[in-house]
Amino acid sequence: MLDSALTGLRTFIILAVLAAAVALAGAWGWKAMTAPFPQKVDVGPCVDAPVKKGSKVYPSQVVVTVLNASTRAGLATRAMTDLVDAGFVKGSTGNAPSGTKLKTVEVWTPDKNAPSAALVASWLGDAKIVETKSDIPGIVVVTGENFPKVTGGDKTVTAKADATICSPPVE
């Protein structure tokens, strides 16, 4: 009789432990199932990427924003389409800040010697590179009243010094 009582107690303990394990697994599963999905972190259109002296910079590494400083409607959009077709990464398009006046085209960049600015400028004919601080990420192309069009430019530029460029984020 003692044997059967011990066997019954052992069976009860095993079943109780298994029931507790199933209950814990169920609670964990329910919590995981009802938890919100992780949200994608928006890092913006570009991130700062270091470029070593002697490294090549390609259009696919350069984010470009085009602003229209002329009265010609759609000029920024047309220029952006041509730059994207050349391999550059699309930033945004829009109008230049009010009061911006220029004849042809300027390239605005936080670092006048950045290889990304030289690469973009090579596609814009007589573009002037202007060092300016801006909240707009990437290289900013500002088209003026007499901007003709995007021309053929360099396929790559070699960095003459260590630099930082605004490159599209890697996903």
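Note that the coordinates shown come from a computational prediction; the quantities given were computed from them, not determined experimentally.

A. Representation of the overall build of the chain in the model. Tallying secondary structure elements over the chain gives three helices and nine strands in all. Listing the helices and strands of the chain from first to last along the sequence gives α-β-β-β-α-β-β-α-β-β-β-β. Along the three orthogonal principal directions, the C-alpha set of the chain runs to about 105 × 40 × 25 Å. Here the chain, with 171 residues, has 30% of them falling under the buried criterion. Put simply, the chain shows about 11000 Å² of open surface, and 61% of that area lies on carbon and sulfur atoms. Here the chain carries 17 positive and 14 negative side-chain charges, and the mean point of each set is 3 Å from the other.

B. Up close: the side chain of threonine 143. Mapped onto the elements, threonine 143 comes out in strand S7 (residues 139-143). Looking at threonine 143, the relative accessible area reads 0%, which means it is buried. Ignoring sequence-local partners within four residues, the contact set of threonine 143 consists of Val66, Leu67, Asn68, Ala69, Ser70, Leu75, Ala76, Ala79, Leu102, Thr104 and Val105.

C. Quick peek at helix H3 (residues 115-122). Counting buried residues in H3 gives six out of eight residues, a clear majority hidden from the surface. Three or more residues of H3 are buried, namely Pro115, Ser116, Ala117, Leu119, Val120 and Ala121.

D. Representation of the layout of surface pockets in the model. Empty space within the largest pocket amounts to approximately 220 Å³. What lines the largest pocket is a set of 16 residues, among which Asp48, Thr109, Pro110, Gly138 and Cys166 lie closest to the centre. Looking at the lining of the largest pocket, the element that brings in the most residues is strand S9 (residues 163-167), giving three residues. Grouping the constituent residues of the lining of the largest pocket by class yields seven nonpolar, six polar and three charged. There is about 190 Å³ of room inside the second largest pocket. Lining the second largest pocket are 14 residues, with Asn113, Ala114, Pro115, Lys160 and Ala161 positioned closest to its centre.

E. A look at the state of the cysteines. What the rule picks out here adds up to one disulfide. Sulfur-sulfur distance for the disulfide between cysteine 46 and cysteine 166 comes to 1.7 Å. The sign of the S-S torsion, about 70°, decides the handedness of the disulfide formed by cysteine 46 and cysteine 166: right-handed. Placement of cysteine 46 in the loop between helix H1 (2-34) and strand S1 (47-51) and of cysteine 166 in strand S9 is noted, with a sequence separation of 120 residues between them. Neither cysteine 46 nor cysteine 166 differs from the other in exposure class; each is buried.

Rules behind the numbers
- Residues numbered from 1 in each chain as written.
- Predicted model: local features only at pLDDT ≥ 70, side-chain atom pairs only at ≥ 80, totals over all residues.
- Heavy atoms only, no water.
- Helix = DSSP H or I, 4+ residues; strand = E, 2+ residues; numbered from the N terminus.
- Buried < 20%, exposed > 50% of the residue type's maximum accessible area, 1.4 Å probe, protein only.
- Areas by Shrake-Rupley, 256 points an atom, 1.4 Å probe, with all protein chains shown as cover.
- Lys, Arg positive; Asp, Glu negative; His and termini not counted.
- Charge placed at Lys NZ, Arg CZ, Asp CG, Glu CD.
- Contact = heavy atoms within 4.5 Å.
- 1 Å grid on protein atoms, 1.4 Å probe; cavity = no way out; pocket = protein on both sides within 12 Å on 5 of 7 lines; lining within 4 Å.
- Points joined across faces, edges and corners; volume = space filled by probe spheres on them.
- Nonpolar A, V, L, I, M, F, W, Y, C, P; charged D, E, K, R; others polar.
- Disulfide = S-S within 2.5 Å.

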